[in-house]
Each structure stands twice: as C-alpha cells, then as structure tokens.
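Each chain, letter by letter, is given below.
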Amino acid sequence: KLQFLYLIVGTMLRVQAVRQHVWRRWAASTPRDEKSRSGKVRTSNATKWKEALDANPPEVPTKLLADMKAGIASQPLSDMCGLVGRLPKANWWPAGRSEAAGVVNAVVVHLVTQKAAATMTEVQIRTVLQVLGKCSHRDASLQDDFAKVLEKRVRSLDSRTLATTVWAYTTLSDVRRDLFSAVAKECIGKVGQLSSQNLSNTVWAYATLRLKAPELFESVAAESVKHLGEFKPEELAKMGSAYAMVHHKAPELFESMAAESVKSVEELIPQELSNTMKAYAAVRHSAPELFEAVAAEVVKQVGQFNSQDLAAMVFSYARVQHSAPALFDSIAGEAIGHQAQFSIGHVAKLTTAYAYLRHPAPGLLNALAERFLSLSDQSTDGWSPEFFKTVAPKVCSDVAWGYATLGHAVPELYGRVIGFAVEHLDCFKVWHLAKLLWACGKAGQGHEARGLFDAAAPILINDVRGLTDEALLQVVEAHAMAEHDAQELFQAYTKEVRRRQAPQNEE
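Structure report, in brief.

Calculation rules
Residues numbered from 1 in each chain as written. Predicted model: local features only at pLDDT ≥ 70, side-chain atom pairs only at ≥ 80, totals over all residues. Heavy atoms only, no water. Helix = DSSP H or I, 4+ residues; strand = E, 2+ residues; numbered from the N terminus. Rg over C-alpha atoms; globule rule 2.2 N^0.38 Å. Buried < 20%, exposed > 50% of the residue type's maximum accessible area, 1.4 Å probe, protein only. Contact = heavy atoms within 4.5 Å. Areas by Shrake-Rupley, 256 points an atom, 1.4 Å probe, with all protein chains shown as cover. Lys, Arg positive; Asp, Glu negative; His and termini not counted. Charge placed at Lys NZ, Arg CZ, Asp CG, Glu CD. Patch = residues over 30% accessible without salt bridge, like charges linked within 9 Å, V, L, I, M, F, W, Y side chains within 5 Å. Salt bridge = Lys/Arg side-chain N within 4 Å of Asp/Glu carboxyl O. Axes fitted to C-alpha atoms, helices over the stretch in contact; angles between N-to-C directions. Parallel < 35°, antiparallel > 145°, perpendicular 65-115°, else oblique. Left-handed = near helix turned anticlockwise from the far one by under 90°. Nonpolar A, V, L, I, M, F, W, Y, C, P; charged D, E, K, R; others polar. Phe/Tyr/Trp six-rings, centres within 6.5 Å; stacked < 30°, edge-to-face > 60°. Lys NZ or Arg CZ within 6 Å of the ring centre and 35° of its normal. Arc of directions from axis to C-beta. Expected span 1.5 Å × (residues − 1).

1. Points about the overall build of the chain
Okay, step 1: Scanning the chain for helices and strands turns up 25 helices and 2 strands.
Okay, step 2: Its C-alpha atoms give the chain a radius of gyration of 32 Å, clearly above 23 Å, the size a compact globule of 507 residues would have.
Okay, step 3: Once the C-alpha set of the chain is aligned to its principal axes, its extents read approximately 130 × 55 × 45 Å.
Okay, step 4: Sorting the 507 residues of the chain into buried and exposed places 51% on the buried side.
Okay, step 5: By sequence separation, contacts in the chain at least 24 residues apart represent 74% of the contacts at least 6 residues apart.
Okay, step 6: In the form shown here, the chain has an accessible surface area of approximately 25,400 Å², with 52% of it arising from carbon and sulfur atoms.
Okay, step 7: When the 56 positive and 55 negative side-chain charges of the chain are each reduced to one mean point, those points stand 15 Å apart.

2. Brief notes about the environment of Glu267
Okay, step 1: By the element assignment, Glu267 lies in the loop between α13 (251-264) and α14 (270-282).
Okay, step 2: Remark: the alpha-carbon pair of Glu267 and Glu297, spanning 30 residues in sequence, is separated by 9.6 Å.
Okay, step 3: Not counting chain neighbours up to four residues away, the residues in contact with Glu267 comprise Pro233 and Glu272.

3. Describing a nonpolar patch on the surface
Okay, step 1: Taken together, the side chains of Leu2, Leu5, Tyr6, Val9 and Leu13 define a hydrophobic patch exposed on the protein surface, amounting to about 540 Å² of accessible area.
Okay, step 2: With respect to the secondary-structure elements, Leu13 resides in helix α1 (residues 2-29).
Okay, step 3: Judged by its relative accessible area of 58%, Leu13 falls in the exposed class.

4. What to know about the packing of helix α15 (residues 288-301) against helix α16 (residues 307-319)
Okay, step 1: The geometry of α15 relative to α16 is characterised by a closest axis approach of 12 Å and an angle of 155° between their N-to-C directions. The pairing of α15 with α16 is recorded here as roughly antiparallel in orientation. Crossing angle aside, the handedness with which α15 passes α16 is left-handed. Facing α15, whose interface residues are Phe291, Val294, Ala295 and Val298, α16 presents Met313, Ser316 and Tyr317.
Okay, step 2: The residue makeup of the contact of α15 with α16, split by class, is 6 nonpolar, 1 polar and no charged.

5. Some words on the packing of helix α11 (residues 214-226) against α13
Okay, step 1: The geometry of α11 relative to α13 is characterised by a closest axis approach of 9 Å and an angle of 30° between their N-to-C directions. Judged by the angle between their axes, α11 and α13 are roughly parallel. Note that α11 runs across α13; the crossing there is left-handed. Where α11 approaches α13, its residues Ala221, Ser224 and Val225 are matched on the opposing element by Glu252, Leu253 and Ser256.
Okay, step 2: Of the residues that constitute the contact of α11 with α13, the class distribution is 3 nonpolar, 2 polar and 1 charged.

6. A few points about a positive patch on the surface
Okay, step 1: Taken together, the side chains of Lys249, Lys278, Arg284, Arg319 and Lys349 define a basic patch exposed on the protein surface.
Okay, step 2: In this fold, Lys278 is placed in helix α14.
Okay, step 3: Looking at Lys278, the relative accessible area reads 32%, which means it is partly exposed.

7. Description of the packing of aromatic side chains
Okay, step 1: Inspection of the entire model under this criterion finds 9 aromatic pairs.
Okay, step 2: With a centroid separation of 6.4 Å and an interplanar angle of 85°, the aromatic rings of Tyr243 and Phe254 are classed as edge-to-face. Here Phe254 lies in helix α13 and Tyr243 lies in helix α12 (residues 233-245), a separation of 11 residues in the sequence.
Okay, step 3: Owing to a relative accessible area of 0%, Tyr243 belongs among the buried residues under this scheme.
Okay, step 4: Its relative accessible area of 1% is what places Phe254 among the buried residues.
Okay, step 5: An aromatic cluster is present here, built from Phe217, Tyr243, Phe254, Tyr280, Phe291 and Tyr317 joined pairwise through their rings.
Okay, step 6: The positively charged end of Lys238 is found above the aromatic ring belonging to Trp204, 4.7 Å away from the centroid.
Okay, step 7: In this structure, Lys435 packs its charged tip against the face of Trp401, placed 5.1 Å from the ring centre.

8. Some details on the environment of Ala293
Okay, step 1: Mapped onto the secondary structure, Ala293 falls in helix α15.
Okay, step 2: Relative accessible area serves as the criterion here: at 19%, Ala293 is assigned to the buried category.
Okay, step 3: Sequence separation between Ala293 and Val265 is 28 residues, and the spatial gap between their C-alpha atoms is 7.0 Å.
Okay, step 4: Those residues in contact with Ala293, other than ones at most four positions away along the chain, are Val262 and Val265.

9. Considering helix α3 (residues 62-71)
Okay, step 1: Of all the positions in α3, only Leu64, Leu65, Met68 and Gly71 are classed as buried. All buried residues of α3 fall inside an arc of 145° around its axis, so they share one side. The outward face of α3, more than 90 degrees from its buried face, is lined by the exposed residues Lys63, Lys69 and Ala70.
Okay, step 2: Tucked into the core, α3 has its buried residues touching α2 (45-54), α4 (77-86) and α5 (93-113).

10. Observations concerning the side chain of Ser316
Okay, step 1: Relative to the elements of secondary structure, Ser316 occurs in helix α16.
Okay, step 2: Of the residues examined, Ser316 reaches a relative accessible area of 2% and is grouped as buried.
Okay, step 3: For Ser316, the contacting residues outside a window of four places in its chain are Met277, Lys278, Ala281 and Phe291.

11. Observations concerning helix α8 (residues 159-171)
Okay, step 1: Helix length check: α8, at 13 residues, gives a terminal C-alpha distance of 18 Å against a target of 18 Å (1.5 Å per residue), a fit within 8%.
Okay, step 2: Taken across its 13 residues, α8 has 11 buried, putting it largely inside the fold.
Okay, step 3: Every buried residue belonging to α8 is among Ser159, Thr161, Leu162, Ala163, Thr164, Thr165, Val166, Trp167, Ala168, Tyr169 and Thr170, and all of these are buried.
Okay, step 4: Against α6 (122-134), α7 (140-153), α9 (177-190) and α10 (196-208) lie the buried residues of α8.

12. Some remarks on the pattern of salt bridges
Okay, step 1: Counting across every chain of the model gives 15 salt bridges.
Okay, step 2: The partner of Lys435 in a salt bridge is Asp398, with the nearest N and O atoms 2.7 Å apart. Of this pair, Lys435 sits in helix α22 (residues 430-442) while Asp398 is found in helix α20 (residues 385-405), placing the two residues 37 residues apart along the sequence. By the burial criterion, Lys435 is buried, and Asp398 matches it.
Okay, step 3: Across the pair Glu496 and Arg499 runs a salt bridge, and its minimum N-O distance is 2.7 Å.

Okay, structure coming up:
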C-alpha cells in the first residue's frame, strides 16, 4: 500500500511539473494579451509595439523605435519578424528609415549571435531580407554574417526566398560572391517555380552587380519565354535591361518580349520606355514593330522625359539604325528646353545619334553647341586625369564628327575641340584622332587644324596597325579634304594597305 501511495504522489508531482513547464513556454511565446493566474490582464511588449505601429502615426515615433531597438531581441522569433515586417508599411517610413534601421540591425544581431537564423522559416527570412534591403543604413559585418547563415541553408530555401535573397543584397550594393554563386546554382534547378516578378528580379540582381551567371541567364530565358503572357510591362522592361547590362544575347527571349511588349507599350512610364530601348540597342536586336510602337508612345509622353532618358532614347534608335523622323523631331524640340541639364556625355550622345541617322535638327544642334562650349569652358580645370584619358577624347571626336556629318557649322566649337586635342594629344587613341581629323577636314577646318594634323602624324604612323580599315580611310580622306601634305604618313599607310591586301591577292 505504501509503495502504491508513493507511485500516485510521484505521478502527480511529475504531471504538475510538466504543466508548469508547458505553461511557461506557452506564455513566453504568445504575443496576445493573456490572463495571469491572478486573473489580471497583462500586455506583452510585442503587443504594445504592434498596436503602436498599426496606429500609423504621421510623425516618426522616435521613442517607440528606441524602445523596440532596446528590447526586440528578447521577443519570440515570430514577434521579432512580424514587427520588422510592419516597419516599411508606416507613413513615417521614408523619413524614419535610418532610425528604423537600428531596430532591424538589433534583430539581425540576435539572429546571428544566438544562431536563431538557423531556425527561421522561409517567410521570416524573406521578411527580414525585404526590410533589410529597404533600409538606408547598412552594416557590412552584419550583412556578411547573415549571408554566411543563408549560404549554409541555400539548398533548403524555396525559389521565392532565393530570389528575395539576391534582390536584398543587390539593393544594399553588397556583392557576396559565394552566396550569389550558391543561389545561382540552386535557382537553375528551381527556375520553373519562380514567378514572373522573381524571374525578372533575379536576373536584374546579377546584372546590376555585374556578376556573370550564364547558365542561370539561359535557364531564366528559356523559362520566361513559356510564360511571357504573365509578365507585367515593367517586369518585361526590367528583364530586357538585365540581359543588356551583362551583354547576354538571348534572341528568342528578346523576340518574344518584343511581341508581348507591343501590346502593353502604353502602360510604360518614360524611364521604362527608355530602358526597354536601351536593352534592345545594347544587344543589337532589331525589333521594328516594337520600335515603331515605342516611338509613337514617346511622342505622346515626350514632355515627361528627363534629359538622360531623352539622350538614351535617340541613341538607342541610332544604334540599331532605326529611323523614326517623328520621334527625332519631337525629342529635338523637347531637348532644347533641357539644355541646362545635359552633361557633356549627353551632348555627345544626342549629336552622334542625329548624325548616324542623318536627321537634321539645326535648333537642337545650336543649343547643344552652346551647352558644350559652356561645359568645356567651365569644367576643363576640374576634370579628373581619368576623364581626360577616357571620356574627353571620345566626347570631342564624337561631337566634332556629328556636326561635320550633319554639315552644321559652328567654328567656335571646332576651335575648342582642336585646342583641347593639341593640348592633350597623348590622351587620344588613334581611332579618336582619325575621327576628329576627318571631322575637321569635312567641316572645312583644315587650315585651322594644321597644327593638329602635324602633331597627330607621328602617332598615326607609329600605331598604323591599330586602325581599322574605316579609320585608315578616314585619315586619308581627312588629309585630302584639308589639302594637307603628309608624305611620310601616306607612305606608311600605303605600305599598311598593301600588307592587308596581300593575303587576299594570294588567295
């Protein structure tokens, strides 16, 4: 009897211990208001914070964010992620983003140091990543630690979480090559599970960071062709831009996207229209029907384009040699009003675009010449050595070539370009010199450019093999048009032409 009594008492004590343990676990993990044993209602911090965030005050709740930053790490994992996910939805988010970043960092610190990230669900991972990507404040060490955790879990993540991962780190301009490499390999096998948004976001992420993943891009292209009808117009524009940024040609994809984009071109905003055309121009893919549809839409929206998009639009059409007179006339008229916003690079793009398609625009060319003279006069002393070596020579030769091709005379512009070239001749590549000399000869500036012709001759002779056949012809024509005698240069060029023709003669 005594043994039986001991058994009953022991069992009752064990049951009571289990009940207390379960109650403590349940109370700690429950975000709702619960009654204590005394019957009083007590509200958890998480519940208070959720209510305060849901109230959505117009002003940044500085004290609330400070309290959350100090205490959010003590909350259950589900509450932590839920609170973080509420932050970007608030009205005050744009102004309080940097303060909210402190809360996000506190969560990430807890996830990494307490190894809680290993137990996060995929929804929780996406929530934290999305908010992390939207924060203006970045902590490289935290991002690195979180990336290592994700890299270990990459095989178990679903396609949506993989896409969110690369999107978030790209938004942070944070190149985690090991993580991106692992995600690329995993995405190839799960590409069929990606939504249209995830497909475009994934390739956009790799392209933005200039990370090459040819197999992933091929897989995404093949999958996208099957479901292009599900893509939104902006997703198609984003997809095309991504392939263009890494110069990955996908003819079937671009052909299918062109056919689909024509149906929804009226839904695109100016930047999306510009990006679409830049994408097709970058991969040299001609899509006449799409280009015509976009041209008609741009004419309607031309007043909403900024200076950068105006320059990019006409340059894209010129690059694929697609003539659109109404578009070019419309942009010429609009661009004059943007004269003060054009950079020296925009001036060169616009000039060469109109010259490539031989489209006269005297009003625009006068405005661009004025802008070029203003910029080169004000900025020359402030240009960096790198600018002199790379950008300035190309800009000068392109601008001079454009005006000469269109037969638009602006003597002061040629004087500025010739003076710059003589002073910085060592920065010019031989093909830039060939183009510039041709422009001077064509524009009737041979006499004014005699010093440039003489100074350039030794450089052109020494690097004659670096010139294309077209550039060789430009140099010869330039000297002929300028009536500039250069016997040594002509002898060197005659010898080079014979050398290039020798294999053809033998054949």
